[in-house]
Amino acid sequence: MIRDITLGQYYNRESVIHFLDPRVKLVATLVFLMSLFISTNIFAYAFATLFLAMAIMLCKVPLSFILRGLKSLILLLLISVVFNLFLTPGETILSFGILHITREGLIIAIKMAIRLVYLVIGSSILTLTTTPSKLTDGLEKGLSFLKAFRVPVAEIALMMSIALRFIPILIEETEKIMNAQSSRGADFDKGSIVDKAKSLVPLLVPLFVSAFRRANDLAIAMEARCYSDSVSRTKLKPLAYKGIDYITYVILFLYIMLIIFTRYIKIDVGIM
Amino acid sequence: MPIFEVKNISFRYDKYDENASYNIDDISFSVDRGDFVALIGKSGSGKSTIVSHLNGLKKADKGDILYEGKSIYDKDFDLTSLRFKCGVVFQHPEYQLFSETVIEDVEFGALKKGLSKDEARLRALEALSFLGIENLKDEVPFNLSGGEKRKVAFAGVLVMDPDVFILDEPDAGLDSKTKNDFYMMIKNLNVLKGKTIVFITHNLDDVIEYANKVIVVNDGKVERCGNPTDILMNDELLRKCGLVEPYAIDIYNYLKNRGILIDKSKLRFNDIVQELNRVLL
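Residues numbered from 1 in each chain as written. Chains lettered and ligands numbered in written order. Predicted model: local features only at pLDDT ≥ 70, side-chain atom pairs only at ≥ 80, totals over all residues. Heavy atoms only, no water.

> So what about the nonpolar core? Which residues, and what values?
Core analysis: the biggest nonpolar cluster contains 57 residues, and V106(B), F154(B) and I186(B) have the highest contact counts within it. Per element, the largest residue contribution to this core is six residues, and it comes from helix α5 (residues 146-158) of chain B. Leaving out residues up to four positions away in the same chain, I186(B) has contacts with F36(B), F154(B), L167(B) and I197(B). Counting 31 residues, the second-largest nonpolar core is a separate cluster that includes A180(A), L39(B), Y67(B) and I200(B). (Core = buried A, V, L, I, M, F, W, Y, C linked by side-chain atoms within 4.5 Å. Buried < 20%, exposed > 50% of the residue type's maximum accessible area, 1.4 Å probe, protein only. Helix = DSSP H or I, 4+ residues; strand = E, 2+ residues; numbered from the N terminus. Contact = heavy atoms within 4.5 Å.)

Here it is as C-alpha cells:
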C-alpha cells in the first residue's frame, strides 16, 4: 500500500517528456489542471482524456506504475463520490429509503471522480519525468519575475523541491520500518480496520524521528557547503528552450483553446 | 535436512519494466542447522536482498525457498511463525527501533510471540543484561550511539529466541573491542546453543575466524559456495568479485613463499599463532 504512492517519485526513462524543459512541464501541468476545472461537457473531458493518454504514452513510464498511485486515492475518491451522489439536491433518479440519487448529484460525482483521478495522474507525470533539481531550476527560472516584488523565489523553489524529494524518501523509510516490525511478528495485513489502524501507530514515531533527523542532516550539509540565500548562483546546465519546447507550448495553447471552445458547444448528450 | 534451501530464486525491484534485469538471479544455496554462514561480495552485489528473502520480507519472482523442507511461499505456510524462528538484525539498526524506550522496543517481539507482559519484560531484561546494556533500558533508543542501537536491535531479536540469526553487517559502526565481544557472543550462541547464523560482512578475516561456510555473491549471482579457506585462497575469484584477500591468507602466502608451510585449515588468529609457534620454535 505504502509503495503505491507515486507522487514525488522520479522514473528514469529516455522519452520526449523527460527531455522537455521543466518550465514547459510545469506550465503543461498547470494548463491541464485548469482545463479539468473549466471542462463542462463530455467533449472537454474527451479531449482531456486524449491529452492525458498522449502524455502517458509519450513519457514511457509504465501505465501500471502510474495507475498504482491511484490506489492510495480510493478512499478519498469514494468519500467524494458518495457525498456528491447522495447529498446533492435535484431531480431524483433512484431512491434507497431515505437516500436519493439525483441527476445533478450523479453528474457532479462523475465529474469529481474524473477530475481527482486526472489531477493525480497529471501531477504524477510531472514528478515522474522531472528530477527534483530540474524542477527547482524550472520553478526558480519560471517565477524569476516575482523577484522584482521581493519574493524569495529561489528559497521557495528549494523548499518545494526538498518537500517533493522527501516524499519517496519517507515512503522508503516507512517500508523499512514496516519490514523491521514485520520481522519481529507485527502483521499489518491481518485484523479489522481498527487493528490495522492501531498497528500503524508505532510506525509514526520512528518516521517522525527519522524525518526530523534527515531535515537536520540536510540543514547541516547545506551549512557545511556554505549555502546562503544572499548569493546569485550560476548553473552547470542553464535552462534553455529548444524547438520541441516551443512546439509543446503551441500544442498547449491549442489544447486550452479547444477546451474553452467546448464550453460553447450546446449538444444534449444525456447526463453530461 | 537443511534448515534453509534456497532454490533458483530471482528477484527484481522494478516490477513495472519487463526488460529490467533481475537484481538477484537464479540464486541457490542451502544452510544446515548449526551452520555459521557468511555472505560476502562487494557493495550492491545483492547480499541484503538475498537475506531479506529468507524470512519472507521479500517474495522472489521466481524460484522457491524451503524452511525445514516446507516452501515458505505455500498458501498455508505461517510466515509470522517463520519470522519468530528466524530473527533479522538489519544493516541500519535505526530502522529497527521504534518504541519510546529501549525496554519497550526489546520486548516487542516477545509480546508479539504471545508471551505475557511480565514474561516479555523478564526476557527483555535478560537480553539487555546478556549484551551488557541493561543500564540503557529506560533510554530513548533514537538518542543512542550507533553501536548501542545495534546492540538494542540485537536484543530485540534475542528475546524471540530464534533458531536462525540473520545479521546484516553486524559489525558496522562498532569499535574493535565491542566488535570482538559481539562476534564471540554470536559464536557462543552458535556453539553452545546450536543456533544457525547467517551473516553479511565485508571483513574477510572475520569470515575465516567464525564462519564454517561462505557464499560469494557477485552481480546478483552466487559465484561460489563452500569452505571459507578454499574460497578465500582463490585469488582469481576474489579479484573477479571485487574482494581483497584477508590478512590470514596474506600471512599464509608470505610464509609459504619463504618455505614455511602451515596447515591451511588452521588460519584463525589463534591457530596461526599456534602454528607459528610450532614451526618457528
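Next comes the rest of the account.
> Go over unusual backbone geometry with me, naming the residues and quoting the values.
Residue and element names in this part refer to chain B. Even without a glycine there, the phi angle at N8 is positive, about 50°. Relative to the elements of secondary structure, N8 occurs in strand β1 (residues 4-11). For D26, which is not glycine, the phi torsion reads 55° and is therefore positive. The class for D26 is partly exposed, based on a relative accessible area of 46%.

> Just give me the short version of the interface of chain A and chain B, but keep the residues and values in it.
The accessible area lost on association of the parts is a frequent measure of interface size. Contacts between chain A and chain B engage 24 residues on the former and 22 residues on the latter. Interface area for chain A against chain B, summed over the two sides, is near 2,100 Å², with a carbon-plus-sulfur share of 59%. Here chain A and chain B share one salt bridge between them. The partner of D105(B) in a salt bridge is R184(A), and the shortest N-O contact between them spans 2.8 Å. (Buried area = accessible area lost by both parts, 1.4 Å probe. Salt bridge = Lys/Arg side-chain N within 4 Å of Asp/Glu carboxyl O.)

> Can you explain the layout of surface pockets? Please cite residues and give values.
Residues and elements named next belong to chain A. The computed volume of the second largest pocket comes to approximately 1,100 Å³. Lining the second largest pocket are 37 residues, and of these S133, T136, D137, E140 and K235 lie nearest its centre. For the lining of the second largest pocket, the secondary structure elements donating two or more residues are α7 (132-142), α8 (153-182) and α9 (193-224). Ranked by the residues each element gives to the lining of the second largest pocket, the list is headed by α8, at eight residues. Here the lining of the second largest pocket spans two domains, since at least three of its residues come from each of domain 1 (1-148 + 237-272) and domain 2 (153-228). (1 Å grid on protein atoms, 1.4 Å probe; cavity = no way out; pocket = protein on both sides within 12 Å on 5 of 7 lines; lining within 4 Å. Points joined across faces, edges and corners; volume = space filled by probe spheres on them. Domains from an automatic or database assignment.)

> Tell me about the domain arrangement of chain A, residues and numbers included.
Residues and elements named next belong to chain A. The domain boundaries assigned to chain A delineate domain 1 (1-148 + 237-272) and domain 2 (153-228). Computed over C-alpha atoms, the centres of domain 1 and domain 2 are 27 Å apart. Residue-level contacts link 16 residues of domain 1 with 15 residues of domain 2. For the pairing of domain 1 and domain 2, the buried interface totals around 1,300 Å² over both sides, and the portion due to carbon and sulfur atoms is 79%.

> Any chance you could break down the pattern of salt bridges for me, citing the residues and the numbers?
When charged atoms on two side chains of opposite charge get close, those side chains can pair. Residues and elements named next belong to chain A. The full count for this structure, using the stated rule, is 14 salt bridges over all chains. With a shortest N-O distance of 2.3 Å, E173 and R214 are connected by a salt bridge. Of this pair, E173 sits in helix α8 while R214 sits in helix α9; the two residues are 41 residues apart in sequence, bridging distant segments of the chain. Its relative accessible area of 1% is what places E173 among the buried residues.

> An account of the side chain of S99(B) is needed here, citing residue identities and associated values.
Secondary-structure assignment places S99(B) in the loop between β6 (86-89) and α3 (102-112). Residues contacting S99(B), with those up to four places away along its chain left out, are E104(B), D105(B), P141(B) and F142(B).

> Lay out the sheet that holds strand β4 (residues 62-67) of chain B in plain terms, naming residues and giving numbers.
All names here are of chain B. As summarised here, the arrangement of the four strands in space is β2-β1-β4-β5, forming an open sheet in which the pairing is antiparallel. Of all the strands in the sheet, just β2 (24-31) and β5 (70-71) have a single pairing partner and so form its edges. In terms of strand pairing, β4 meets β5 through two bridges, oriented antiparallel. Bridged to L66 within β5 is S71. Strands in contact with helix α1 (residues 47-54) are β1, β2 and β4; relative to β2, the strand with the most contacts, it is inclined by about 60°. (Pairing = 2+ DSSP bridges. Axes fitted to C-alpha atoms, helices over the stretch in contact; angles between N-to-C directions.)

> Go over the pairing of strand β1 (residues 92-96) of chain A, please, and point to the residues and values.
Residue and element names in this part refer to chain A. Across four bridges, β1 lies against strand β2 (residues 99-102) in antiparallel orientation. In the sheet register, S95 faces β2, and the bridge partner there is H100. Between β1 and β2, which pair antiparallel one after the other, the connecting turn spans two residues, and G97 there sits at a positive phi close to 65°.

> Can you break down the sheet that holds β6(B) residue by residue, with the values?
Paired through backbone hydrogen bonds, the strands of a sheet run either parallel or antiparallel to each other. Residue and element names in this part refer to chain B. Across the sheet, six strands lie side by side as β6-β7-β8-β3-β9-β10; this open sheet has mixed pairing. Strands with a single pairing partner mark the edges of an open sheet, and in this sheet they are β6 and β10 (221-226). Put simply, the sheet's adjacent strands are angled 15° from each other on average, direction ignored. Sheet contacts for α1: β3 (36-40), β7 (164-168), β8 (196-200) and β9 (213-218); angle to β8, the most-contacted strand, approximately 150°.

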